[in-house]
Amino acid sequence: MSIQSVGIIGAGTMGNGIAQVCAVAGLDVVMIDINDAAVERGLSHISKSLDRLIKKETLSVEDKNAALKRIKASTSYADLKGLSLVIEAATENQAVKEKILHQIDEIVGKDTIIATNTSSLSITKLAALNSDPARFIGMHFFNPPPLMALVEVIRGLQTSDATHRAIIEMAKRIGKEPITVKNSPGFAVNRILIPMINEAFFVLQEGLASPEDIDAGMKLGCNQPIGPLALADLIGLDTCLAVMEVFFENFSDSKYRPCPLLREMVAAGYLGRKTGRGVFTYDQ
């Protein structure tokens, strides 16, 4: 099937980023969140993001206006009816995602593909909640979606070949480079990345080096474009912690134990860029 329209649940950083990418690529988009204020913030963020692309001369004013016209902001799941694909992009919480996916399943038609943007949770387990698990798949975008080329496409045990093909084609259509990954906690990229970030917090907790020197060391010594602590701030410390907890619970291996300092910072509300303070401090 050819995907022409996309519903996105969540107008936050990931949701509005995915909405922007799809709209710029010519797809009709419905972006849903819990209230008008949330969807308006999402639309505002998209508009500002498109303005930055105009300044970089990678997008025209006409293209921006056309993309914004393709996005319908809504608070009603009823607007998902008739769409080709619905992507859940809510917070990384099993119970929250299960509730949203159940609501999606009740509304959409039998031909609609349902995807989750989870960064760590089991696709097979989430698919089992669906009335037709064959149409369920993982579609993991990376932050920020308008700039990051990669999309992990994760097949659950039940995912059909037709669903997989349609998502691979759609990812390429919106300018992304998809890789196919088997269902496993954290999939491929976060299975490697998040434990590295967690270890950086252990290094920081033990006072082996300052935050600036830890990041400089990884950038200059390992050729990384951004240090692990700055990257944690970009991802969100709460998200990093949630992924580590999934690893620890599923693998029952002490090497996935979340760093106590990471837990402490999340408890303090120091979540990174989105709160203005994480390992580093940011102007909001």
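All residue numbers refer to positions counted from 1 along the written sequence of the respective chain. Given that this is a predicted model, residues contribute local features only at a pLDDT of at least 70 and side-chain atom pairs are listed and counted only at 80 or more, while totals for whole chains, interfaces and linings are drawn from all residues. As a rule here, side-chain values cover all heavy atoms of the structure and leave hydrogens and water aside.

The name given to the protein chain in an unreviewed UniProt entry is 3-hydroxybutyryl-CoA dehydrogenase, with Polynucleobacter paneuropaeus as the source organism. UniProt positions are given in the numbering used here, feature names are shortened, and annotations may be inferred rather than shown by experiment. Heading Sequence similarities (unreviewed entry) of the UniProt record for the protein chain holds this comment: "Belongs to the 3-hydroxyacyl-CoA dehydrogenase family."

Asker: Before we move on, can you summarise the pattern of salt bridges with the specific residues and values?
Answerer: A pair is scored as a salt bridge if a Lys or Arg side-chain nitrogen falls within 4 Å of a carboxyl oxygen belonging to Asp or Glu. Within the structure shown, the criterion is met by nine salt bridges. Residue Lys 97 is joined to Glu 92 by a salt bridge in which the shortest nitrogen-to-oxygen separation is 3.8 Å. The class of Lys 97 is buried, set by a relative accessible area of 1%. Residue classification places Glu 92 among the buried positions, given a relative accessible area of 16%. As a salt-bridge pair, Lys 274 and Asp 238 come within 2.9 Å of each other at their nearest N and O atoms. Under the scheme applied here, a residue whose accessible area is under 20% of the maximum for its type counts as buried, over 50% as exposed, and between as partly exposed, the area being computed with a 1.4 Å probe on protein chains only.

Asker: Before we move on, can you summarise the packing of aromatic side chains with the specific residues and values?
Answerer: Two aromatic rings from Phe, Tyr or Trp, using only the six-membered ring of Trp, form a pair when their centres are within 6.5 Å; if the ring planes differ by under 30 degrees the pair is stacked, by over 60 it is edge-to-face, and anything between is tilted. A complete count under the given rule lists three aromatic pairs for this structure. Joined through ring pairs, the aromatic side chains of Phe 247, Phe 251 and Tyr 256 make up one cluster. The positively charged end of Arg 277 is found above the aromatic ring belonging to Tyr 270, 3.9 Å away from the centroid. Note on criteria: charge over ring means Lys NZ or Arg CZ within 6 Å of the ring centre, with the direction from the centre no more than 35 degrees off the ring normal.

Asker: Go over helix H9 (residues 228-235) with me, naming the residues and quoting the values.
Answerer: Put simply, DSSP marks the helices as runs of H or I at least four residues long and the strands as runs of E at least two long, and each gets a number from the N terminus on. Where burial is concerned, most of H9 is hidden: six out of the eight residues are buried. It only takes one pair of heavy atoms within 4.5 Å for two residues to be counted as in contact. Looking at the packing, one finds that the buried side of H9 touches helix H7 (189-205), helix H8 (211-222) and helix H10 (237-251). Two residues or fewer after H9 comes Gly 236, characterised by a positive phi angle close to 110°.

Asker: So what's going on with a positive patch on the surface? Residues and values would help.
Answerer: The residues that make up patches have over 30% relative accessible area and no salt bridge, and they are joined within 9 Å when like-charged or within 5 Å when they are Val, Leu, Ile, Met, Phe, Trp or Tyr. Per-residue and other accessible areas follow the Shrake-Rupley method at a 1.4 Å probe size, with only the shown protein chains counted as cover for residues. Charged-residue counts in this description rest on Lys and Arg as positive and Asp and Glu as negative, His and the chain ends being excluded. Where a charge lies is defined by one atom per residue type, namely NZ (Lys), CZ (Arg), CG (Asp) and CD (Glu). On the surface, Lys 48, Arg 52, Lys 55 and Lys 56 cluster together to form a positively charged patch. The class of Lys 56 is exposed, set by a relative accessible area of 56%.

Asker: Before we move on, could you go through the packing of H9 against H10 and cite the residues and values that matter?
Answerer: An axis is simply a line fitted to the C-alpha atoms; with a helix, the fit covers only the stretch in contact. Between two such axes, the angle follows the N-to-C directions and lies from 0 to 180 degrees. Where H9 contacts H10, the axes come no closer than 6 Å and their chain directions differ by 100°. When the interaxial angle is binned, H9 and H10 end up roughly perpendicular. Contact residues: Ala 232, Asp 233 and Ile 235 in H9; Leu 237, Thr 239 and Cys 240 in H10. Classifying every residue of the contact of H9 with H10 gives four nonpolar, one polar and one charged. With respect to orientation, any angle under 35 degrees is reported as roughly parallel, any angle over 145 as roughly antiparallel, any angle of 65 to 115 as roughly perpendicular, and every other angle as oblique. In this classification, the charged set is Asp, Glu, Lys and Arg, the nonpolar set is Ala, Val, Leu, Ile, Met, Phe, Trp, Tyr, Cys and Pro, and all remaining amino acids, among them Gly, are polar.

Asker: Outline the sheet that holds strand E3 (residues 71-74), supporting the account with residue identities and numerical values.
Answerer: Spatially, E3-E2-E1-E4-E5-E6-E7-E8 is the arrangement adopted by the eight strands of the open sheet, whose pairing is mixed. Each of the sheet's edge strands pairs with one partner strand only, and the pair in question is E3 and strand E8 (177-182). Within the sheet, the average angular offset between the axes of one strand and its neighbour, ignoring direction, is 25°. One bridge is not enough; two strands pair if DSSP finds at least two bridges between them. The sheet contact formed by strand E6 (residues 136-141) and strand E7 (residues 150-155) spans four bridges and is antiparallel. Considered in E7, the bridge of Met 139 is made with Val 153.

Asker: An account of the UniProt feature "domain: 3-hydroxyacyl-CoA dehydrogenase NAD binding" (unreviewed entry) in the protein chain is requested, with residue identities and associated values reported.
Answerer: Mapped onto this numbering, the UniProt entry gives "domain: 3-hydroxyacyl-CoA dehydrogenase NAD binding" (unreviewed entry) at residues 6-183. Segment residues 6-183 splits into 41% helix and 22% strand. End C-alpha atoms: 23 Å apart.

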